[in-house]
Each structure stands twice: as C-alpha cells, then as structure tokens.
Amino acid sequence: MKSILFAASEALPFASTGGLGDVAGSLPAALAKLGCDARVVIPLYSSIDEKYRREMHFICAIRVRLSWRNQYCGVFSLVKDGVTYYFLDNEFYFKRVSMYGNYDDGERFAFFCKAVLDMMPYIDFFPDILHTNDWHTALAAIYLKRKYGQIERYSEIRSVHTIHNIEYQGVYDFSILDDVFDLPPSNASIVDYNGLVNLTKGAIVCCDRLTTVSPRYAEEIMTETFASGLHYILGENSYKIVGILNGIDVDYYNPATDPAIPAHYTSDDFSGKATCKAELQRRYGLPVEPDKPMIAMISRLASHKGMNLVERILDELLQQDVQFVVLGKGEIQYERFFRGIEERYNNKARAIIEYNKELSKLVYAASDIFLMPSRTEPCGLSQMIASRYGSIPLVRETGGLYDSIKNYNPSDRSGNGFTFKNYNAHEMLFALKDAVKFMTESHEEWEALVRHVMNVDFSWDLSAERYIDMYSEII
Ligand code: GLC
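These remarks concern the structure in this document.

Let's shift gears to the sheet that holds strand β8 (residues 171–172). Reading across from one edge, β8-β10-β9 is the order of the three strands in this open sheet, with antiparallel pairing throughout. Every interior strand has two partners, whereas the edge strands, β8 and β9 (192–193), have only one. Across two bridges, the pairing between β8 and strand β10 (residues 196–198) is antiparallel. Within β10, the position partnered with Tyr 172 by the bridge is Val 197.

On to the side chain of Gln 323, then. Mapped onto the elements, Gln 323 comes out in strand β14 (residues 323–327). Here the side chain of Gln 323 touches Gln 281 through a polar contact of 2.8 Å, side chain to side chain. Looking at Gln 323, its side chain comes within polar contact range of the main-chain oxygen of Pro 287, at 3.0 Å. Discounting residues that sit within four places of it in the chain, Gln 323 has contacts with Gln 281, Leu 286, Pro 287, Glu 289, Lys 292, Pro 293, Met 294, Ile 295 and Lys 348.

Mapped onto the elements, Leu 210 comes out in strand β11 (residues 209–212). Note: C-alpha distance between Leu 210 and Ala 110 (100 residues apart in sequence) is 20 Å. In this view, Leu 210 contacts His 161, Ile 163, Ile 204, Leu 234, Lys 240, Ile 241 and Val 242; residues no more than four positions away in its chain are not counted.

Turning our eyes to something else, we now look at the pattern of salt bridges. Overall, the coordinates contain 22 salt bridges when judged by the stated rule. Here Asp 124 makes a salt bridge to Arg 153, at a shortest N to O gap of 3.6 Å. Placement of the pair is Asp 124 in the loop between α6 (120–123) and β6 (129–133) and Arg 153 in helix α8 (residues 152–155), with a sequence separation of 29 residues. For Asp 124, a relative accessible area of 55% translates into the label exposed. Of the charged contacts, one joins Lys 147 and Asp 182 as a salt bridge, the two residues approaching to 3.4 Å between their closest N and O atoms. Of this pair, Lys 147 sits in helix α7 (residues 134–148) while Asp 182 sits in the loop between α9 (176–179) and α10 (188–191), and the two are 35 residues apart along the sequence. Residue classification places Asp 182 among the buried positions, given a relative accessible area of 16%. Salt bridges sharing common partners tie together Arg 69, Glu 107 and Asp 179.

Each value, and the rule that gives it
Residues numbered from 1 in each chain as written. Predicted model: local features only at pLDDT ≥ 70, side-chain atom pairs only at ≥ 80, totals over all residues. Heavy atoms only, no water. Pairing = 2+ DSSP bridges. Helix = DSSP H or I, 4+ residues; strand = E, 2+ residues; numbered from the N terminus. Polar contact = N/O pair within 3.5 Å; in protein donor to acceptor, adjacent residues only side chain to side chain. Contact = heavy atoms within 4.5 Å. Salt bridge = Lys/Arg side-chain N within 4 Å of Asp/Glu carboxyl O. Buried < 20%, exposed > 50% of the residue type's maximum accessible area, 1.4 Å probe, protein only.

And the structure:
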C-alpha cells in the first residue's frame, strides 16, 4: 500500500481560503478510496472551528529547531473520510487574525515545514511520498533533500511538489536564509533566483516530480508569459513536470443533498433550481423573475481573474435584460467598481463583497451562466462546481479552464459551456450576449445543455489514478 503525506497550508473543511484548500480536502480522500494510506498535515490555526477541535486527539509534543530557535509543536489528529489529518500547534505562529499576510509568514511556514519532517518518528509514519503544495510547504521538500536525505528512514521518501499558482513563489531576502530558514550558505544555489531566496524555485530543484493542476497550465508555465520569471528553471526541470487536472468533491458539491441551498435538485428534475434562484433574488432584493438570465461570478477580485475585462464591459452587458451577481472580495478598486455597479443598476445587479463558502453554493445554484474570464487560471474549480449546480460556465480558454470546458456547438450539441479565446473584453461580451440569447430563445436546447453539464464527471476518480501512477513511477 502506498503511503502519502500531503503537506499544505490549508484544507477544507478545517481551514480554507481558496482552491488549494479544496484540493487538500478532497484529493487525499480520493487516494484513500483507491487504497492508499493518505494523510494530510496543516497548521492548527486559531480559526479552526471548535467542533473539529473537539474531535482531535493529542498525539505528542515535540521541539522544533530552526537555526537558534527551538520551539514547542503540538501534534493533534483526527480521521475524516478515511484520511488522517494532522494539525500542528504553536500559538505564537498560528493564533493569528488571518492565515496569511502576516509580516513573518516566511518564518511561520518554515517552522511548519520543519515540524512536518520532525514529527515523523513521533507519529511513526514515514511516507513513501511527501507531497508539498505551493510556496508555503516548499521548504519541506527542500529540507527533505538538503537536511534529512542522509538519515536512514528519511532517505527512502520521495517528494512531489505541486504548483497551484506560480504567481505566489515565496521570495525573500538572502539575509534570512540561515537565520530563519536554517539553510547554511551551501544551499544558496538551490534557492537563489535572481539574487533572492525563492522557495518555489528551491522545491522545483529538490523535488522528484513537479506537478501542476492542469495539463494546459503545465505547458503554459514553460513560457515567459505565464511563468512569472521561473521559465528557465522550469525548462531545466521539464522532465519532472506533469499536469494533472484537479477534481472536486462531488459529495460536498451536490445540489441533490447540499444543506446550504433551499431546494434540492438533480439533472433529471432541476425544478428546485428555480426555488434557489427565487431565494437569492428575494434575499438580496432583486426582482423575483424566474426566467431572467442570471449571470454570476464567484471569485477573488484580482486582476488575473479577468476583472478588468468585466470592468470594461459590465455597463454594456447590463443594458441587456439580465441580472448580475458577484460574490467575492479582493483588490479595493474592483470592490469599489462592483459596489458602484450595484448602485447604478439597483434592480439588476448585486455585489456581495465577502468570502462566503455557504452563500457561494446558493449563488451557483441560483445562477444560469457562470462567468470566469481569467487571464491565467492554473486549474480553476468554480467552473466545475458551477457545472455541478447547473450554471453553465462561460470561460476564457486558458489553463484548466481550457482543459475542462469546451465551447458548445449547436450543430452537434457537443461542448459543456461557452468559451472565448483572446483576453479581450468585447470578445467576452459577445460570448455573453450569445449565451443570453441562446438561453432566452432556445429553451429546450438550453435545458438539455444544463442537464448535460450537470452530468459531466468532475470527480477525482480519474485524476486520483493519475496521481497514483505518478507516485508509482518514483517510489
Ligand atoms: C489555485 C489556482 C486555481 C486552482 C487551485 C487549486 O487557487 O489559482 O486555478 O484551481 O489553486 O489547485
């Protein structure tokens, strides 16, 4: 039986701010279902709900040494869906108002990474694979290679590093290499990128396999346009790279059972979807009109999510007979822009400026068209979740959006959404207008498309097998 320790900075349902949390909360369970001993380790953030804390068992307390620091680390665990989750406790580092964005994030995650390796003898688990994710856990892959590789029980562990988004790399000044990361100068060439410490670069060099979250993004990040500066190092390590499309937890995102929506439905009978739409309209004071096309966005309001395209054409779009709902928060300029739209189009548009997982499910269920015009998108999960709830994705052809959504072709009724190619606001607007026209004029065909889209298999089943094949290659 293969054993995998998945180290991540977040995992649903315990702590999550985005797609990485979804993946860390669902891929390991899919691996377990296929017979792996899959376990996950995340920090014990103070935001983790009391109801999960009550289920946790205390395993041990260890001391974690990093340079001159020598700190307490409590190891707690609980089992969920066949997966053992470990939570690493240190209140100085993890009792914070927010999970990220603290001045000492580098030190916090260095502590976490070192603890991930140090806890292994105490929990008596030396996995076949240490699977790290994004820059927060990149140091675990680096420590494994540079500090632990010579130690007997560690030397057999192989490492896989997954890039969920190459734009966040963990870049620091060299002055903290030894003092904070406990990496003596002999490691400089491993992490050096353009004269700075780059933790993602270090993991790329140290890992045995590098994965990213869609085949298309794996190709894209080899190019200067997408690599955020890392294309040379990726080029040198291209033999390690594989792109595996993420899946979603189809039980958690299931309109037939989801407790977060007011009516349940399936692809055979989606009348409950109309109830969800009416509930959202009522709750947010939009006219309750069942046949009005509702276009939704659920997204971090960041420019790489395509917000400037939306900014450019939303006025024009709202000349149409549609409703528009956005849920999310992020860069202040976009929050302001959407609030302004809501003011100006008060009977058509709503801007719900918050991150709200429960509410997001009502928005997926209520809407007809789900807009995701990302400039770059490593995988994207929202288009898959939207599909599951019968909201037809309209996406730009990039990264995982390209791999998961194919443009609808009326002549043979193939495709599972609407796509546009260029990062161009009017190309997006035309696609939106076509989709709205299609929905209002071809009712039966639209319903057939909704039914088809709801049945597309976005579960982990296939991709989890691909991970297992990849693990087997390196064990
Ligand atoms: C990041 C990416 C997103 C991906 C997610 C999970 O949030 O931006 O595209 O779906 O990670 O891999």
